[in-house]
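Here is how the chains run, residue by residue.
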Amino acid sequence: NFLKSLNMHEKGLTTAAVCVYPTWMCDAVKALKASGCTITVASMATGFPAGQTHLKTRLEEIRLAVEDGATEIDVVINRTLVLTGQWEALYDEMRQFRKARGEAHLKTILATGELGSLTNVYKASMIAMMAGSDFIKTSTGKETVNATFPVAIVMLRAIRDFFWKTGNKVGFKPAGGIRSAKDSLAWLSLVKEGLGDEWLTPELFQIGASTLVLDIERQIYHHVTGRYAAYHDLPMS
(Lines give C-alpha, C1' and ligand atoms only; values in the text may rest on other atoms or scores of the structure.)
Protein backbone atom coordinates (compact mmCIF):
# COMPACT_ATOMS: atom_id res chain seq x y z
CA ASN A 1 0.00 0.00 0.00
CA PHE A 2 2.84 2.39 0.79
CA LEU A 3 4.43 1.76 -2.62
CA LYS A 4 1.11 2.31 -4.38
CA SER A 5 0.72 5.62 -2.55
CA LEU A 6 4.12 6.65 -3.89
CA ASN A 7 3.35 5.23 -7.35
CA MET A 8 6.37 2.95 -7.00
CA HIS A 9 4.58 -0.42 -6.88
CA GLU A 10 5.50 -1.32 -10.47
CA LYS A 11 9.09 -0.03 -10.42
CA GLY A 12 10.62 -3.35 -9.43
CA LEU A 13 12.23 -2.00 -6.25
CA THR A 14 14.06 -4.63 -4.25
CA THR A 15 17.03 -5.05 -1.98
CA ALA A 16 20.29 -5.68 -3.84
CA ALA A 17 20.81 -9.00 -2.03
CA VAL A 18 20.19 -10.95 1.13
CA CYS A 19 23.35 -12.13 2.82
CA VAL A 20 23.62 -15.30 4.92
CA TYR A 21 26.30 -17.49 6.41
CA PRO A 22 27.34 -20.40 4.13
CA THR A 23 25.56 -22.88 6.43
CA TRP A 24 22.21 -21.30 5.59
CA MET A 25 22.73 -20.85 1.86
CA CYS A 26 20.56 -23.80 0.73
CA ASP A 27 17.72 -22.76 3.04
CA ALA A 28 17.84 -19.13 1.85
CA VAL A 29 17.81 -20.12 -1.83
CA LYS A 30 14.88 -22.52 -1.31
CA ALA A 31 12.89 -20.00 0.74
CA LEU A 32 13.27 -17.20 -1.79
CA LYS A 33 12.45 -19.51 -4.68
CA ALA A 34 9.33 -20.75 -2.90
CA SER A 35 8.15 -17.18 -2.33
CA GLY A 36 8.69 -16.25 -5.97
CA CYS A 37 11.48 -13.76 -5.24
CA THR A 38 14.42 -13.27 -7.60
CA ILE A 39 16.62 -11.49 -5.07
CA THR A 40 20.36 -12.21 -5.22
CA VAL A 41 21.58 -14.50 -2.46
CA ALA A 42 25.00 -13.62 -1.09
CA SER A 43 27.18 -15.56 1.30
CA MET A 44 29.67 -14.27 3.85
CA ALA A 45 32.56 -16.65 3.25
CA THR A 46 36.28 -16.83 4.24
CA GLY A 47 35.84 -17.07 7.98
CA PHE A 48 33.55 -14.04 8.41
CA PRO A 49 34.02 -11.72 10.24
CA ALA A 50 37.65 -12.18 11.35
CA GLY A 51 39.03 -14.07 8.33
CA GLN A 52 41.49 -15.95 10.53
CA THR A 53 40.77 -19.53 9.50
CA HIS A 54 43.20 -21.54 7.38
CA LEU A 55 43.41 -20.42 3.75
CA LYS A 56 42.36 -23.87 2.53
CA THR A 57 39.25 -23.66 4.71
CA ARG A 58 38.39 -20.18 3.45
CA LEU A 59 38.69 -21.24 -0.18
CA GLU A 60 36.57 -24.34 0.40
CA GLU A 61 33.94 -22.17 2.11
CA ILE A 62 33.70 -20.03 -1.04
CA ARG A 63 33.37 -23.06 -3.30
CA LEU A 64 30.70 -24.67 -1.14
CA ALA A 65 28.67 -21.46 -0.93
CA VAL A 66 28.67 -21.14 -4.73
CA GLU A 67 27.80 -24.83 -5.07
CA ASP A 68 24.82 -24.28 -2.75
CA GLY A 69 23.48 -21.40 -4.84
CA ALA A 70 25.29 -18.20 -3.87
CA THR A 71 25.49 -15.74 -6.76
CA GLU A 72 27.49 -13.26 -4.72
CA ILE A 73 30.37 -13.89 -2.33
CA ASP A 74 31.46 -11.50 0.43
CA VAL A 75 35.03 -12.21 1.47
CA VAL A 76 37.03 -10.64 4.30
CA ILE A 77 40.71 -9.91 3.92
CA ASN A 78 43.38 -11.18 6.28
CA ARG A 79 44.10 -8.04 8.32
CA THR A 80 47.40 -9.51 9.56
CA LEU A 81 48.81 -9.31 6.04
CA VAL A 82 47.94 -5.61 5.88
CA LEU A 83 49.31 -4.73 9.31
CA THR A 84 52.60 -6.52 8.59
CA GLY A 85 52.93 -5.11 5.07
CA GLN A 86 52.66 -8.44 3.24
CA TRP A 87 51.02 -6.94 0.18
CA GLU A 88 52.01 -9.62 -2.32
CA ALA A 89 50.66 -12.32 -0.02
CA LEU A 90 47.39 -10.39 0.29
CA TYR A 91 47.16 -10.14 -3.50
CA ASP A 92 47.84 -13.87 -3.87
CA GLU A 93 45.08 -14.73 -1.39
CA MET A 94 42.65 -12.43 -3.16
CA ARG A 95 43.45 -14.00 -6.53
CA GLN A 96 42.69 -17.40 -5.06
CA PHE A 97 39.39 -16.06 -3.71
CA ARG A 98 38.55 -14.76 -7.16
CA LYS A 99 39.30 -18.11 -8.78
CA ALA A 100 37.27 -20.04 -6.18
CA ARG A 101 34.18 -17.87 -6.63
CA GLY A 102 33.68 -19.00 -10.25
CA GLU A 103 31.03 -16.79 -11.87
CA ALA A 104 29.73 -15.35 -8.60
CA HIS A 105 29.97 -11.61 -7.93
CA LEU A 106 32.91 -10.88 -5.60
CA LYS A 107 32.70 -8.27 -2.86
CA THR A 108 35.77 -7.69 -0.68
CA ILE A 109 35.30 -6.45 2.90
CA LEU A 110 38.33 -4.50 4.07
CA ALA A 111 37.36 -4.14 7.76
CA THR A 112 38.85 -0.65 7.62
CA GLY A 113 38.52 -0.06 11.36
CA GLU A 114 41.21 -2.69 11.90
CA LEU A 115 43.73 -1.68 9.21
CA GLY A 116 45.69 0.83 11.30
CA SER A 117 45.96 3.78 8.89
CA LEU A 118 44.35 5.46 5.90
CA THR A 119 47.43 4.58 3.85
CA ASN A 120 46.73 0.92 4.55
CA VAL A 121 43.09 1.41 3.58
CA TYR A 122 44.16 2.83 0.20
CA LYS A 123 46.67 0.04 -0.45
CA ALA A 124 44.22 -2.69 0.58
CA SER A 125 41.56 -1.13 -1.66
CA MET A 126 43.92 -1.13 -4.61
CA ILE A 127 45.03 -4.72 -4.08
CA ALA A 128 41.45 -5.93 -3.77
CA MET A 129 40.60 -4.26 -7.06
CA MET A 130 43.78 -5.44 -8.79
CA ALA A 131 42.91 -8.99 -7.74
CA GLY A 132 39.53 -8.77 -9.43
CA SER A 133 36.98 -7.63 -6.84
CA ASP A 134 33.69 -6.36 -8.25
CA PHE A 135 33.01 -4.33 -5.09
CA ILE A 136 34.98 -3.10 -2.10
CA LYS A 137 33.18 -2.74 1.21
CA THR A 138 34.19 -0.80 4.30
CA SER A 139 33.31 -3.16 7.12
CA THR A 140 31.72 -6.36 8.34
CA GLY A 141 29.64 -4.37 10.82
CA LYS A 142 31.31 -6.34 13.63
CA GLU A 143 34.34 -4.08 14.17
CA THR A 144 34.50 -1.40 16.86
CA VAL A 145 34.78 1.25 14.12
CA ASN A 146 32.84 0.63 10.91
CA ALA A 147 31.92 2.94 8.01
CA THR A 148 33.30 6.48 8.45
CA PHE A 149 33.55 9.38 6.02
CA PRO A 150 37.39 9.71 6.09
CA VAL A 151 37.76 6.03 5.20
CA ALA A 152 35.10 6.36 2.52
CA ILE A 153 36.91 9.27 0.86
CA VAL A 154 40.12 7.21 0.69
CA MET A 155 38.30 4.20 -0.77
CA LEU A 156 36.44 6.34 -3.31
CA ARG A 157 39.69 7.96 -4.44
CA ALA A 158 41.23 4.50 -4.81
CA ILE A 159 38.26 3.44 -6.94
CA ARG A 160 38.63 6.60 -9.04
CA ASP A 161 42.39 6.10 -9.48
CA PHE A 162 41.85 2.48 -10.45
CA PHE A 163 39.23 3.50 -13.01
CA TRP A 164 41.50 6.16 -14.51
CA LYS A 165 44.36 3.66 -14.82
CA THR A 166 42.43 0.62 -16.04
CA GLY A 167 39.02 1.75 -17.28
CA ASN A 168 37.38 -0.76 -14.91
CA LYS A 169 34.58 0.40 -12.63
CA VAL A 170 34.54 -1.15 -9.16
CA GLY A 171 31.58 -0.74 -6.81
CA PHE A 172 31.58 0.74 -3.32
CA LYS A 173 29.61 -0.36 -0.26
CA PRO A 174 29.69 1.34 3.14
CA ALA A 175 28.39 -0.84 5.96
CA GLY A 176 28.12 -0.71 9.72
CA GLY A 177 26.67 2.14 11.77
CA ILE A 178 24.48 3.61 9.00
CA ARG A 179 21.19 3.80 10.82
CA SER A 180 19.04 6.61 9.43
CA ALA A 181 17.62 7.74 6.10
CA LYS A 182 19.41 11.07 6.59
CA ASP A 183 22.72 9.20 6.97
CA SER A 184 22.09 7.42 3.67
CA LEU A 185 21.63 10.77 1.90
CA ALA A 186 25.05 11.87 3.13
CA TRP A 187 26.60 8.71 1.71
CA LEU A 188 24.75 9.22 -1.55
CA SER A 189 26.17 12.74 -1.82
CA LEU A 190 29.67 11.50 -1.00
CA VAL A 191 29.62 8.97 -3.84
CA LYS A 192 28.10 11.49 -6.26
CA GLU A 193 30.80 14.07 -5.49
CA GLY A 194 33.64 11.53 -5.38
CA LEU A 195 32.83 9.35 -8.38
CA GLY A 196 29.98 10.97 -10.27
CA ASP A 197 26.41 10.11 -11.22
CA GLU A 198 27.42 6.99 -13.14
CA TRP A 199 28.25 5.29 -9.83
CA LEU A 200 24.78 5.97 -8.41
CA THR A 201 23.35 2.61 -9.49
CA PRO A 202 22.78 -0.65 -7.59
CA GLU A 203 25.50 -2.22 -9.73
CA LEU A 204 28.15 0.17 -8.36
CA PHE A 205 26.82 1.57 -5.08
CA GLN A 206 25.11 -0.27 -2.24
CA ILE A 207 24.63 0.42 1.46
CA GLY A 208 24.67 -2.10 4.27
CA ALA A 209 21.06 -1.68 5.32
CA SER A 210 20.27 -4.28 7.97
CA THR A 211 19.54 -1.48 10.47
CA LEU A 212 18.94 1.36 8.01
CA VAL A 213 15.94 -0.38 6.42
CA LEU A 214 13.95 0.06 9.64
CA ASP A 215 14.26 3.84 9.53
CA ILE A 216 13.58 4.00 5.79
CA GLU A 217 10.35 2.08 6.33
CA ARG A 218 9.45 4.46 9.16
CA GLN A 219 10.13 7.53 7.00
CA ILE A 220 7.99 6.15 4.17
CA TYR A 221 5.18 5.52 6.67
CA HIS A 222 5.43 9.16 7.79
CA HIS A 223 5.47 10.44 4.21
CA VAL A 224 2.31 8.50 3.33
CA THR A 225 0.31 8.91 6.55
CA GLY A 226 1.66 12.16 7.99
CA ARG A 227 2.63 10.53 11.26
CA TYR A 228 5.40 8.29 12.57
CA ALA A 229 4.75 4.68 13.49
CA ALA A 230 6.24 2.97 16.50
CA TYR A 231 8.96 0.55 15.45
CA HIS A 232 6.92 -2.42 16.68
CA ASP A 233 4.10 -1.44 14.28
CA LEU A 234 6.25 -2.04 11.19
CA PRO A 235 6.82 -5.51 9.72
CA MET A 236 10.60 -5.14 9.33
CA SER A 237 10.96 -4.33 13.01
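Numbers given for residues are sequential positions, taken from 1 along each chain in its written order. A pLDDT threshold of at least 70 governs which residues receive local features in this predicted model, and a stricter bar of 80 or more applies before side-chain atom pairs are shown or counted, although totals over entire chains, interfaces and linings include all residues. The side-chain values count all of the structure's non-hydrogen atoms but skip hydrogen atoms and water molecules.

A word on the UniProt feature "active site" (unreviewed entry) in the protein chain. When the UniProt feature table is mapped to this numbering, "active site" (unreviewed entry) covers Lys137 and Lys173. Judged by maximum C-alpha separation, these annotated positions cover 37 residues in sequence but sit close together in space, the widest gap being only 4.5 Å. For helices the rule is a DSSP run of H or I covering at least 4 residues; for strands it is a run of E covering at least 2, with both sets numbered from the N terminus onward. Positionally, lysine 137 belongs in strand β5 (residues 135-137). Classification of lysine 137 by relative accessible area gives buried; the value is 9%. Residue contacts are defined here by distance: any two heavy atoms, one from each residue, within 4.5 Å place the two residues in contact. Discounting residues that sit within four places of it in the chain, lysine 137 has contacts with Asp74, Lys107, Thr108, Ile109, Leu110, Ala111, Met155, Lys173 and Ala175. Following the sequence through the fold, lysine 173 ends up in strand β6 (residues 171-173). When near neighbours in sequence (up to four residues on either side) are disregarded, lysine 173 contacts Lys107, Phe135, Ile136, Lys137, Thr138, Gln206, Ile207 and Gly208. UniProt positions are given in the numbering used here, feature names are shortened, and annotations may be inferred rather than shown by experiment. For the exposure calls, accessible area comes from a 1.4 Å probe over protein chains only, and a residue counts as buried if that area is under 20% of its type's maximum, exposed if over 50%, partly exposed in between.

Once that is clear, we can look at the packing of aromatic side chains. Ring geometry is summarised as follows: Phe, Tyr and Trp rings, the Trp one being its six-membered ring, pair when their centres sit within 6.5 Å, and such pairs are stacked at plane angles under 30 degrees, edge-to-face over 60 and tilted between the two. Under the definition given, this model contains five aromatic pairs. Note on phenylalanine 163 and tryptophan 199: the rings are 5.5 Å apart at their centroids and 85 degrees apart in plane angle, and the pair reads as edge-to-face. Placement of the pair is phenylalanine 163 in helix α7 (residues 149-166) and tryptophan 199 in the loop between α8 (181-195) and α9 (212-225), with a sequence separation of 36 residues. Judged by its relative accessible area of 2%, tryptophan 199 falls in the buried class.

In terms of burial, strand β3 (residues 72-76) is a largely internal element, five of the five residues being buried. Neither face of β3 is exposed, since Glu72, Asp74 and Val76 on one face and Ile73 and Val75 on the opposite face are all buried. Bridging between strand β2 (residues 40-44) and β3 involves three bridges; their strand directions are parallel. Of the residues in β3, the one forming a bridge with alanine 42 is glutamate 72. Here the term right-handed applies to a crossover when the path leading from its first strand over the helix to its second strand runs clockwise, the strands being oriented away from the viewer. Between β2 and its parallel partner β3, the chain crosses via helix α3 (residues 55-67), and the hand of that crossover is right-handed. Both β3 and strand β4 (residues 105-109) contribute to a ladder of five bridges, which runs parallel. Bridge pairing in β4 places valine 76 opposite isoleucine 109. Paired strands are those between which DSSP finds at least two bridges.

A few words now on helix α6 (residues 118-130). Take the residue count of a helix, subtract one, and multiply by 1.5 Å to get its expected span. Helix length check: α6 (13 residues) gives 18 Å between terminal C-alpha atoms against 18 Å at 1.5 Å per residue, within 8%. Positive phi appears at glycine 132, one or two residues downstream of α6, with a value of about 110 degrees.

With that settled, the discussion passes to the pattern of salt bridges. Here, a salt bridge means any Lys or Arg side-chain nitrogen found within 4 Å of an Asp or Glu carboxyl oxygen. This structure, assessed with the given rule, holds 10 salt bridges. In this structure, glutamate 198 engages lysine 169 in a salt bridge whose closest nitrogen and oxygen atoms are separated by 2.7 Å. Of this pair, glutamate 198 sits in the loop between α8 and α9 while lysine 169 sits in the loop between α7 and β6, and the two are 29 residues apart along the sequence. What makes lysine 169 partly exposed here is its relative accessible area of 40%. Put simply, Glu72, Asp74, Lys107 and Lys137 are held in one network by salt bridges that share partners.

This part takes up the confidence of the model for the protein chain. Confidence in the prediction of the protein chain, expressed as mean pLDDT, is 91, and 97% of residues score 70 or more. The predictor's confidence in any single residue is recorded as pLDDT, a number from 0 to 100. Confidence, expressed as mean pLDDT per element, reaches its minimum in the protein chain at helix α1 (residues 2-5) with 73 and its maximum at α6 with 98.

Moving on to the packing of α7 against α8. Only the stretch in contact is used when fitting a helix axis, every axis being a line fitted to C-alpha atoms; angles between N-to-C directions are given from 0 to 180 degrees. α8 packs onto α7 with a crossing angle of 35 degrees between their chain directions and a minimal axis gap of 10 Å. As for how α7 packs across α8, the hand of that crossing is right-handed. Facing α7, whose interface residues are Phe149, Ala152, Ile153, Leu156, Ile159 and Arg160, α8 presents Ala186, Trp187, Leu190, Val191, Gly194 and Leu195. Tallied by class, residues from the contact of α7 with α8 come to 10 nonpolar, one polar and one charged. Helix crossings get a hand from a simple test, with the near helix turned counterclockwise from the far one by less than a right angle marking a left-handed crossing and a clockwise turn marking a right-handed one. Polar here means any residue outside two lists: the nonpolar Ala, Val, Leu, Ile, Met, Phe, Trp, Tyr, Cys and Pro, and the charged Asp, Glu, Lys and Arg; Gly therefore counts as polar.

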